[in-house]
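# Coordinates in review
Residues per chain, in single letters:
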Amino acid sequence: MLHYILRRLLWTGPVLLVATTLAFLVLHLIPGDPVNLMLAGRPASETVRQNLRRNLGLDRPIHEQYVHFVARAVRGDFSISFRTREPVIEEIARQLPATLELATAGILIGVSVGMMLGLIAGLRPNTYLDGTTMLVALLGISLPGYWTAMILIYVFGLRLGWVPIVAGGGLQALILPSIVVGSFAVGDIARLVRASIVEIRMEDYIRTARAKGLPEGRVVFRHALRNALIPVVTLIGLQLGLFVGGGVITETVFARQGIGSLLVGAILEKDYPVVQAVIVLTTGAYIFANLAVDLAYALLDPRIRYA
């Protein structure tokens, strides 16, 4: 197991390097001058523009800019933001807690609701209950996040007044955004759990457990559901990006702070250091999340071993 973890960690560096290289090249190929965006239409002489470009390091050849970025990133230094002139790490540190809070709440809602719907449908396949739960799951996949957010705001915020409709602290302000983020995963998880339960409930060990006289609840939760969790754990790891992507939409609609809104603003204003730092952060999160998923397999199924 230790050797497997070390091998996976050794791949972290090359993957991060490729991701940041592609991001660096794409950012510099997009039309637009960061200096013009920073000036926001204010008149400035060419001397002022050149000095500003020199201070930002944009007067160097692109390969020198890239080498300079990589050398600093290895030390955990992502320079300063073009927009705010503050260290990028500090900006991300301010926005990260809000994103983690939203993503965690969204994951909990998506996994709990999705597993509940999938379990109900899997235990009663080809019935009215199965069709109803799968319809709910299909709606979760099909409805755009911004549309779901606006409907929730109108119904529960404006009409009923149960929750605040603008950004703020506390649990109430997190309810609607987390439902929107969680809805991205409900449908996929529900369908996957249903398919796994339908297949597993016909296995010999399930029949043996029932033949021994075990209570149905123990058969379902101890034997069937535990094995059905393996593909669900895989899906959660793969859908980590959906939670981050859904966070961009949700943070915009609900006017929340977070990494998503920070990234959108940085892309629009070509704030290279912020965009590159966020890409490194999200890529690293992907890598470690999928490593955690692989390790979770061994906990769910003791037969799984890593050489």
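Residues numbered from 1 in each chain as written. Predicted model: local features only at pLDDT ≥ 70, side-chain atom pairs only at ≥ 80, totals over all residues. Heavy atoms only, no water.

### Quick look at the side chain of Ser81
Residue placement: Ser81 occurs in the loop between α5 (62-74) and α6 (88-123). Polar side-chain contacts of Ser81 include one of 3.2 Å to the backbone nitrogen of Arg83. When sequence neighbours within four positions are dropped, the list of residues in contact with Ser81 reads Glu86, Val88, Glu91, Asp271 and Val274. (Helix = DSSP H or I, 4+ residues; strand = E, 2+ residues; numbered from the N terminus. Polar contact = N/O pair within 3.5 Å; in protein donor to acceptor, adjacent residues only side chain to side chain. Contact = heavy atoms within 4.5 Å.)

### Considerations on the side chain of Glu251
Residue placement: Glu251 occurs in helix α12 (residues 240-253). One buried charged residue, Glu251, remains without a salt bridge, the closest side chain of opposite sign being Arg256 at 5.7 Å. If we skip the residues at most four places from it in the chain, Glu251 touches Thr99, Leu102, Arg256, Gln257, Gly258, Ile259, Gly260 and Ser261. (Buried < 20%, exposed > 50% of the residue type's maximum accessible area, 1.4 Å probe, protein only. Lys, Arg positive; Asp, Glu negative; His and termini not counted. Salt bridge = Lys/Arg side-chain N within 4 Å of Asp/Glu carboxyl O.)

### Things to note about the pattern of salt bridges
On inspection of all chains with the given rule, the structure shows 6 salt bridges. As a salt-bridge pair, Asp271 and Arg83 come within 3.2 Å of each other at their nearest N and O atoms. Linking Asp271 in the loop between α13 (259-268) and α14 (272-300) with Arg83 in the loop between α5 and α6, this pair joins segments that are 188 residues apart in sequence. With its nearest N and O atoms 3.5 Å apart, the salt bridge here joins Arg256 to Glu101.

### Quick notes on the packing of aromatic side chains
The final tally for this structure, using the stated rule, is 4 aromatic pairs. Between Phe24 and Phe69, the aromatic rings sit 6.2 Å apart at their centres with planes inclined by 15°, giving stacked as the arrangement. Placement of Phe24 in helix α2 (residues 12-29) and of Phe69 in helix α5 is noted, with a sequence separation of 45 residues between them. Pairing Phe156 with Trp162 gives two aromatic rings, centres 5.8 Å apart and planes at 40°, and the pair type is tilted. Connected via pairs of aromatic rings, a cluster forms that spans Phe24, Tyr66 and Phe69. (Phe/Tyr/Trp six-rings, centres within 6.5 Å; stacked < 30°, edge-to-face > 60°.)

### Quick notes on the packing of α6 against α13
α13 packs onto α6 with a crossing angle of 135° between their chain directions and a minimal axis gap of 8 Å. In terms of their interaxial angle, α6 and α13 are classed as oblique. Side by side, α6 and α13 meet where Glu91, Ile92, Gln95, Leu96 and Thr99 of the first sit next to Ile259, Gly260 and Leu262 of the second. Of the residues that constitute the contact of α6 with α13, the class distribution is 4 nonpolar, 3 polar and 1 charged. (Axes fitted to C-alpha atoms, helices over the stretch in contact; angles between N-to-C directions. Parallel < 35°, antiparallel > 145°, perpendicular 65-115°, else oblique. Nonpolar A, V, L, I, M, F, W, Y, C, P; charged D, E, K, R; others polar.)

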